[in-house]
Amino acid sequence: MTTGRRAPLDRKRVADTALALLNETGLDGLTLRAIAKELDVKAPALYWHFKDKQALLDEMATEMYRRMVARTRLDPGDTWQERLRKANHGLRDALLAYRDGAKVFSGSRFTGTEHAHAMEETLRLFTAAGFTLGQAVRATTTAFTYTIGFVVEEQGVQPLPDERREGYDVAERARLFADFPLTARAGAEIFTDYGTHFEEGLDIVVAGIGARYGIS
């Protein structure tokens, strides 16, 4: 008779388990105790790997980034506009894969240096296109923060693509704001068709960057 051996407990296994559990619990319900129960260990065992919940969130964000990079193919021949669009579409897709994904990612610190490769290549592409390093940093971080903020708001309405929080019925909102016709109609623009709205907003960001720095 043979018995299965449990995989060793390490940072990656804990982060993978936390990400899988995130879709069930959301960020507020994701506790070290709940993760330990899922791993069939005692909660103190996790403190060998993470000093607190923020340290775990940092590792989760890093793992999300690794998975995003694995799925997003960036062409060295991209224009700077193409690179911004591809990178931020990839980021949005990665965040939407998890309940509260944008909240986990926002403000977290990467625990490794894997992000430096893509960052270096992107900064090279931008500076070769005529941006100064400072301009390249501001352009890329502006697009990045647009995407993070957009998805935070999107997931506030749709925690997962097939879910919708109570209180965001567009028809009911229109009824409540009947005395304010433009505001009533705006609900359909704000709370539906997020993919189209994200694309249009990203186009505005890209066009604004080009206009601000005079680089086409």
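Rules behind the numbers
Residues numbered from 1 in each chain as written. Predicted model: local features only at pLDDT ≥ 70, side-chain atom pairs only at ≥ 80, totals over all residues. Heavy atoms only, no water. UniProt positions renumbered as here; feature names shortened; annotations may be inferred. Helix = DSSP H or I, 4+ residues; strand = E, 2+ residues; numbered from the N terminus. Phe/Tyr/Trp six-rings, centres within 6.5 Å; stacked < 30°, edge-to-face > 60°. Buried < 20%, exposed > 50% of the residue type's maximum accessible area, 1.4 Å probe, protein only. Polar contact = N/O pair within 3.5 Å; in protein donor to acceptor, adjacent residues only side chain to side chain. Axes fitted to C-alpha atoms, helices over the stretch in contact; angles between N-to-C directions. Parallel < 35°, antiparallel > 145°, perpendicular 65-115°, else oblique. Contact = heavy atoms within 4.5 Å. Nonpolar A, V, L, I, M, F, W, Y, C, P; charged D, E, K, R; others polar. Left-handed = near helix turned anticlockwise from the far one by under 90°.

K.L.:
I keep staring at the UniProt feature "DNA-binding region" (unreviewed entry) in the protein chain and nothing clicks. Help me out?
P.N.:
In the numbering adopted here, UniProt assigns the feature "DNA-binding region" (unreviewed entry) to residues 31-50. Regarding residues 31-50, the helix share stands at 40% and the strand share at 0%, and the terminal C-alpha atoms are separated by 12 Å.

K.L.:
What is the right way to look at the packing of aromatic side chains in this model?
P.N.:
Any pair of aromatic rings gets described here by the distance separating the centres and the angle formed by the planes. Here the structure, examined in full by the defined rule, presents 12 aromatic pairs. With 6.2 Å between their ring centres and 85° between their planes, F150 and Y194 make a pair best called edge-to-face. Taken together, the residues F150 in helix α7 (residues 133-157) and Y194 in helix α10 (residues 194-213) connect sequence positions 44 residues apart. Like Y194, F150 is buried. Aromatic side chains F150 and F198 sit 5.3 Å apart centroid to centroid with 65° between the ring planes, which places their arrangement in the edge-to-face category. With a gap of 48 residues between them, F150 in helix α7 and F198 in helix α10 connect regions that are remote in the sequence. Accessibility assignment for this pair places F150 and F198 in one class, buried.

K.L.:
Just to check I follow, could you spell out the side chain of R83 for this structure?
P.N.:
Considering the arrangement of structural elements, one finds R83 in helix α4 (residues 80-96). Look at R83 and you get buried, because its relative accessible area is 4%. Engagement of the side chain of R83 in a polar contact is seen with the side chain of D78, the distance being 3.3 Å.

K.L.:
Help me understand the packing of α4 against helix α6 (residues 115-128), please; the structure alone is not making it clear to me.
P.N.:
Where α4 contacts α6, the two axes come as close as 9 Å, and the packing angle between them is 150°. Considered as vectors, α4 and α6 are oriented roughly antiparallel to each other. Residues W80, R83 and L84 of α4 touch α6, and the partners they reach there are E121, T122, L125 and F126. Classifying every residue of the contact of α4 with α6 by side-chain character gives 4 nonpolar, 1 polar and 2 charged.

K.L.:
Mind showing me how you'd approach the packing of helix α3 (residues 53-71) against α4 here?
P.N.:
Two quantities define a packed helix pair, namely the angle between the helix axes and the distance between the axes. Two numbers describe how α3 lies on α4: the axes approach to 9 Å, and their chain directions differ by 130°. Taken together, α3 and α4 sit at an angle that is classed as oblique. Remark: the crossing between α3 and α4 carries right-handed chirality. Between α3 and α4, the contacting residues are M64, M68 and R71 on the first element and G90, L91, A94 and L95 on the second.

K.L.:
What am I meant to see in the environment of T62 here?
P.N.:
You can see T62 is positioned in helix α3. Expressed as a C-alpha distance, the spacing of T62 and I204, which sit 142 residues apart in the sequence, is 28 Å. Leave out the neighbours within four places in its chain, and T62 touches R109, F110, T111, G112 and E114.

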